[in-house]
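# Fold and contact review
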Amino acid sequence: MLEPGMNAMIDPAKEKAGADSQTIFELLDVEKVYEVTKSEGFLKRSKRKLAALDGVRLRIDQGASMALVGESGSGKSTLLRVLLGLTEPTQGLALYRGRSVNQMREAGPDFARDVAMVYQDARGSLNPRMTVGQLIAEPLRHFGICPESDIAEQTRSLLARVGLAADVAGRYPAAMSGGQIRRVAIARALASNPTVLVADEAVSGLDVSTQAQLLNLLRKYRRKWG
Ligand SMILES: Nc1ncnc2c1ncn2[C@@H]1O[C@H](COP(=O)(O)OP(=O)(O)OP(=O)(O)O)[C@@H](O)[C@H]1O
Ligand SMILES: [Mg+2]
């Protein structure tokens, strides 16, 4: 069950894949209540509870894709944060491959390598003082994906995979368009060869043709690498 005003759309092709496919993520009756400060006139403030998530259950299997659709403030980002162990749920459990996400996150770098995230604010999530090439090389080095001598080639290959020319590697984020910067964020997320890609509004606010290109790219990825 999801919040009112939020829908989950599961790829129908994958739904048919059957119950025996491996479960990657599971949310069991997740609740998230925030305490927010409400102002009641000049200098008077009171605390109020806000239920961002209430009894969310979902399961995501290997090779499936799921889209959460809902109005602003319906809890989409909160749900992703709980799923990734970045926010502790008030109630319920977030499981990754059958184990608590928090345990998995604390156990070492494997979780971060396996589960990549494209943040809602793609531009804000990237260090503006690093070039596109450096931004993509960083996870390659961090996770030891390839030897130092292959970093440049691997960076070029990741740029090509997201449809960017090799010469953007020398540019800074400020010199990239909104669509290009999302591609950079996706390339960086894919650098660690993750099993799961979590994208928070990877295409919102872009023109329709750029949205279609990015969604096709993600769809191609799912088909090719599950
Ligand atoms: N850290 C926080 N403290 C208090 N309230 C929060 C916090 N984070 C989110 N909220 C509230 O929880 C609700 C859900 O927020 P969330 O960011 O998950 O929505 P969303 O569906 O991602 O919205 P959008 O489409 O605008 O990104 C909102 O009412 C928001 O104000
Ligand atoms: Mg959001």
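First things first, this report covers the structure right here in the doc.

## Topic: the coordination of the magnesium ion (ligand 2)
For the magnesium ion (ligand 2), every protein donor is listed as Ser77 (OG) and Gln120 (OE1), and the spread of their distances is 2.0 to 2.3 Å. Residue Ser77 is located in helix α2 (residues 76–83), and its partner Gln120 is located in the loop between β7 (115–118) and α5 (132–142); the two are separated by 43 residues in the primary sequence.

## Structural notes on the sheet that holds strand β3 (residues 45–61)
Pairing is antiparallel in the open sheet, where four strands are placed in the order β3-β2-β5-β6. Single-partner strands in this sheet number two, and they are β3 and β6 (99–100). Direction of pairing for strand β5 (residues 91–96) relative to β6: antiparallel, over a ladder of two bridges. Of the residues in β6, the one forming a bridge with Tyr96 is Arg99.

## Structural notes on helix α8 (residues 208–225)
Taking 1.5 Å of rise per residue, 18 residues should cover 26 Å, and α8 covers 26 Å from first to last C-alpha, within 8% of that figure. Taken as a whole, α8 has its buried residues at Thr210, Leu214, Leu217 and Tyr221. Viewed along the axis of α8, the buried residues span an arc of 55 degrees, placing them on a single side of the element. Within α8, the exposed residues directed more than 90 degrees away from the buried face are Val208 and Arg223. Against α6 (151–161) and α7 (178–190) lie the buried residues of α8. Positioned one or two residues after α8, Gly226 has a phi angle of 65 degrees, which is positive.

## Observations concerning the site of ligand 1
Among the 14 residues in the neighbourhood of ligand 1, the closest are listed as Ser72, Gly73, Lys76, Thr78 and Gln120. Take Thr78: an N or O atom from its side chain is 2.5 Å from an oxygen atom of ligand 1. Residue Glu201 places a side-chain N or O atom 3.2 Å away from an oxygen atom belonging to ligand 1. Compared with its free state, where it exposes 640 Å², ligand 1 has 63% of that area covered by protein. The set of elements that each furnish at least two residues to the shell around ligand 1 consists of β2 (23–39), β3 and α2.

Reading the values: the criteria
- Residues numbered from 1 in each chain as written.
- Chains lettered and ligands numbered in written order.
- Predicted model: local features only at pLDDT ≥ 70, side-chain atom pairs only at ≥ 80, totals over all residues.
- Heavy atoms only, no water.
- Donors = N, O, S within 2.8 Å, 3.2 Å for Na, K, Ca; no water.
- Helix = DSSP H or I, 4+ residues; strand = E, 2+ residues; numbered from the N terminus.
- Pairing = 2+ DSSP bridges.
- Expected span 1.5 Å × (residues − 1).
- Buried < 20%, exposed > 50% of the residue type's maximum accessible area, 1.4 Å probe, protein only.
- Arc of directions from axis to C-beta.
- Contact = heavy atoms within 4.5 Å.
- Near = heavy atom within 4 Å.
- Polar contact = N/O pair within 3.5 Å; in protein donor to acceptor, adjacent residues only side chain to side chain.
- Areas by Shrake-Rupley, 256 points an atom, 1.4 Å probe, with all protein chains shown as cover.

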